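Fold and contact review
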Amino acid sequence: MSDVSSDRVSDTTAKKADKAAAAAEAEAVKRETAQAAVEQISNGDSQSQIRQPVRDAIIKAAQLAREAETSARKRQHGKGKHTARERLDLLFDADTFEEMGRFSGGDINKGKAGSAVVTGFGKVHGRTVGVYAQDFSVRGGTLGQAEGLKICHLMDMAMQMKVPVVALIDSGGARIQEGVAALTQYGHIFRKTCQASGFIPQISVILGPCAGGAVYCPALTDLIIMTKENSNMFVTGPDVVKAATGETISMDELGGGYVHNAKSGVAHYLGEDEADAIDYTRTVLAYLPSNSDEKAPTYAYASGHTEREAAKRLKTIVPANDRQPYDVLEVVRAIVDYGEFVQVQELFAQSAIVGFACISGKPVGIVANQPNVRAGILDVDASEKVARFVRLCDSFNLPIVTLVDVPGYKPGSDQEHAGIIRRGAKVIYAYANAQVPMVTVILRKAFGGAYIVMGSKSIGADMNFAWPTSQIAVLGATGAVNIIHRKDLQKAKEAGQDVEALRSKLADEYEASTVNANLSLEMGEIDAMIDPEQTREVIEESLAMLASKRRVSHNDKHHGNQPL
Ligand SMILES: CC(=O)SCCNC(=O)CCNC(=O)[C@H](O)C(C)(C)COP(=O)(O)OP(=O)(O)OC[C@H]1O[C@@H](n2cnc3c(N)ncnc32)[C@H](O)[C@@H]1OP(=O)(O)O
């Protein structure tokens, strides 16, 4: 297990400032060195062995590269965007990027400095990561044969080296002039992305347009990160939409960063700007291993009085009235290291939350219902959000901690017709197939099907705990009484008795006898009832106990037929 020598996962402000300063310094040194080399060669100083034509070629190439970057800055800065190379400086630790094929796809004699994509490897928090960064200043960042070959080569190398790939997308899509030769390259990239899926982490950062079939490059990766401005994804743009349907819509309304984060669920993070989007990429990479064969890096963690204070706070967060909402983020922050929780899809399907955190320096994935939003109900979107995150954690060996307070799957024709059966099944498939350590804590409600799917023991969790406020049952009290005492209530009504008083009495009895964790404890579905204050401690101990859990293959099938 690699150990990143830092006490915190995410970049602190101070670290960011250091990094920016170091990057600027490294860039300046690089520029000076390159300039000095060119000048040395031009002056004919110490290179008596270098023949004149070679010297000319080196000078020309260096000049071309410089001019290309100057032109890129002019074009990109005018639109409020960074150049592809400036983005690499933001992504990688200072002075660690090694470019591959700088001039490939170019024509040095005709003044073309290369293709519309930059590829190579650098370090993120000291670990190697591959990148392809589309350069919009060269033919609109479009993808033709040269670019496709470069990207596929980069991905092949990343898979051989078993390191993540980050795609910095800013492109007009398939290069129209190259026709099917361009489209074919997308086919190759899709296939490679699928091959790499679940083997190495793949993250796409959309920093410009991403249109047409090209959208499926990011769509096949683990995470999509967008920005508030200059970040668009759509299969058909506003002009085609207008021509085909008559609808008038702007690029941002159709496929801007906010829309894909809050409405479609295509994206996983909405960056304030490019620097923020790339910083989030670095942060997420810090929680993930380089590939599916490795465990995530660990971080130094010194426990102290702050976590004891946080543990005490837990008691006060869940209201006594079970109909009253509360913010489950407060629970999460009180149990994870330094209260640091990196949410994924924060703006989407907010009745569930998912994200990364550390417990005693070890990265975990957290899944929780959010009682503050629609009582924490599971609907089609929340189901897919949870399922996809559980799959991500399972692919990359992150233990899953599930915090349950869920009244059930959302009722209603809109949900049934939107496919709650098919889409809700994804949660089951994800948990039932996950083989990483799984620890579940029931905070309050855990009703019906939603109880089963949210990391119950029967679905595959290893250790399950319940707070004293837990209500575990097939249905909530009123719903249950209306069904099992229907005849009694009917008789009371016919006899002119106070039906509501009877209903309320029966509900109280049902609640006292059934809506608690007793049966689950007796059946071994819950391992222990815990004081909220003990939550972090029991999770930590369970994860330590489960650390040696290994994957087992149950049969010889090719793969399961996952509900999609
Ligand atoms: C599988 C697939 O990818 S199918 C999708 C095919 N792609 C598309 O349909 C998108 C076509 N392009 C566009 O709609 C627009 O160019 C946008 C929205 C992407 C960007 O618009 P703008 O920011 O205004 O940039 P602009 O249109 O000036 O493009 C920049 C340059 O890239 C070129 N370009 C953009 N897209 C393409 C393309 N797909 N093929 C060839 N050249 C392209 C433009 O001609 C322009 O070249 P120039 O600088 O020599 O004039």
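Remember, it's a predicted structure, so these values are computed and weren't measured experimentally.

The rules behind these values
- Residues numbered from 1 in each chain as written.
- Predicted model: local features only at pLDDT ≥ 70, side-chain atom pairs only at ≥ 80, totals over all residues.
- Heavy atoms only, no water.
- Helix = DSSP H or I, 4+ residues; strand = E, 2+ residues; numbered from the N terminus.
- Buried < 20%, exposed > 50% of the residue type's maximum accessible area, 1.4 Å probe, protein only.
- Contact = heavy atoms within 4.5 Å.
- Areas by Shrake-Rupley, 256 points an atom, 1.4 Å probe, with all protein chains shown as cover.
- Pairing = 2+ DSSP bridges.
- Right-handed = clockwise from strand over helix to strand, strands pointing away.
- UniProt positions renumbered as here; feature names shortened; annotations may be inferred.
- Near = heavy atom within 4 Å.
- Polar contact = N/O pair within 3.5 Å; in protein donor to acceptor, adjacent residues only side chain to side chain.
- Phe/Tyr/Trp six-rings, centres within 6.5 Å; stacked < 30°, edge-to-face > 60°.
- Lys NZ or Arg CZ within 6 Å of the ring centre and 35° of its normal.
- Axes fitted to C-alpha atoms, helices over the stretch in contact; angles between N-to-C directions.
- Parallel < 35°, antiparallel > 145°, perpendicular 65-115°, else oblique.
- Left-handed = near helix turned anticlockwise from the far one by under 90°.
- Disulfide = S-S within 2.5 Å.

To continue, consider the overall build of the chain. Tallying secondary structure elements over the chain gives 21 helices and 17 strands in all. With the C-alpha coordinates of the chain rotated into their principal frame, the extents come out at 110 × 60 × 45 Å. When burial is assessed residue by residue, the chain has 51% of its 564 residues classed as buried. Here the analysis covers contacts within the chain between residues at least 6 apart in sequence; of these, 72% occur between residues at least 24 apart. Counting only carbon and sulfur atoms, one obtains 53% of the accessible surface of the chain, whose full area is about 25900 Å².

This part covers the pairing of strand 12 (residues 362-369). Along a regular strand, successive side chains alternate from one face of the sheet to the other. A large share of strand 12 lies buried, amounting to seven of its eight residues. Strand direction decides the pairing type here: strand 11 (residues 352-359) and strand 12, joined by eight bridges, are antiparallel. Residue pairing across strands places Ala 357 opposite Val 364, the latter belonging to strand 12. Between strand 11 and strand 12, which pair antiparallel and follow one another directly, the connecting turn spans two residues, one of which, Ser 360, has a positive phi of 50°. Between strand 12 and its parallel partner strand 13 (residues 400-406), the chain crosses via helix 13 (residues 380-395), and the hand of that crossover is right-handed.

What follows concerns the UniProt feature "domain: CoA carboxyltransferase C-terminal" (unreviewed entry) in the chain. According to UniProt, the positions carrying the feature "domain: CoA carboxyltransferase C-terminal" (unreviewed entry) are residues 305-545. Helix makes up 46% of residues 305-545 and strand makes up 19%, while its end C-alpha atoms are separated by 24 Å.

On to the site of the ligand, then. Close to the ligand lie 19 residues; Arg 75, Gly 140, Gly 172, Ala 174 and Ile 176 are nearest. For the ligand, an oxygen atom lies 3.2 Å from a polar atom in the side chain of Lys 79. Take Gly 172: an N or O atom from its main chain is 2.7 Å from a nitrogen atom of the ligand. Starting from 930 Å² of accessible surface for the ligand in isolation, the protein chains cover 54%.

Take the packing of aromatic side chains next. Inspection of the entire model under this criterion finds six aromatic pairs. Measuring from ring centre to ring centre gives 5.6 Å for Phe 92 and Phe 97, while their planes differ by 10°; the resulting arrangement is stacked. Across the pair, exposure class does not vary: Phe 92 and Phe 97 are buried alike. Seen from their ring centres, Tyr 301 and Tyr 338 are 5.1 Å apart, and the 75° between their planes marks the pair as edge-to-face. Of this pair, Tyr 301 sits in the loop between helix 10 (274-287) and helix 11 (305-317) while Tyr 338 sits in the loop between helix 12 (328-335) and strand 10 (342-344), placing them 37 residues apart in sequence. Put simply, the rings of Tyr 287, Phe 356 and Phe 389 touch in pairs and so form one group of aromatic residues. Over the ring of Phe 136 we find Lys 81; its NZ or CZ atom is 4.5 Å from the centre of that ring. Here the guanidinium or amino end of Arg 102 rests over the ring plane of Phe 103, the centre of that ring lying 5.0 Å away.

Before going further, it helps to examine the sheet that holds strand 7 (residues 223-227). Strand order across the open sheet formed by seven strands is 1-2-3-4-5-7-9, with mixed pairing between neighbours. Across the chains shown, the open sheet's two edge strands, defined by having one partner strand only, are strand 1 (98-100) and strand 9 (269-271). Strand-to-strand twist in this sheet, taken as the mean axis angle between neighbours without regard to direction, amounts to 25°. Bridge count for strand 5 (residues 202-206) against strand 7 is three bridges, and the pairing is parallel. Residue pairing in the sheet places Ile 203 in a bridge with Leu 223 of strand 7. Helix-sheet contacts for helix 3 (residues 84-91) involve strand 1, strand 2 (117-124), strand 3 (127-134) and strand 4 (165-169), and the interaxial angle to strand 3 is about 160°.

For the pair helix 13 and helix 15 (residues 420-433), the least separation of the axes is 8 Å and the interaxial angle reads 25°. The pairing of helix 13 with helix 15 is recorded here as roughly parallel in orientation. Crossing angle aside, the handedness with which helix 13 passes helix 15 is left-handed. Residues Val 380, Asp 381, Ser 383, Glu 384, Val 386, Ala 387, Val 390, Arg 391 and Asp 394 of helix 13 form the contact with helix 15, whose own contacting residues are Ile 420, Arg 423, Gly 424, Lys 426, Val 427, Tyr 429, Ala 430, Tyr 431 and Asn 433.

Next up on the list: the state of the cysteines. Counted under the stated rule, the structure contains zero disulfides. There is no disulfide at Cys 210, and the cysteine sulfur nearest it, in Cys 217, is 7.2 Å away. Cys 210 sits in the buried class, given a relative accessible area of 3%. The cysteine Cys 358 is free of any disulfide, with Cys 393 supplying the nearest cysteine sulfur at 12 Å. Residue Cys 358 is classed as buried on the basis of its relative accessible area, which comes to 4%.

Another point: unusual backbone geometry. In this model, Arg 139 sits at a positive phi of 50°, which is unusual for a non-glycine residue. Positioned with a positive phi, Asn 230 is a non-glycine residue whose angle comes to about 60°. Of note, Asn 230 is situated in the loop between strand 7 and strand 8 (232-234). Judged by its relative accessible area of 31%, Asn 230 falls in the partly exposed class.

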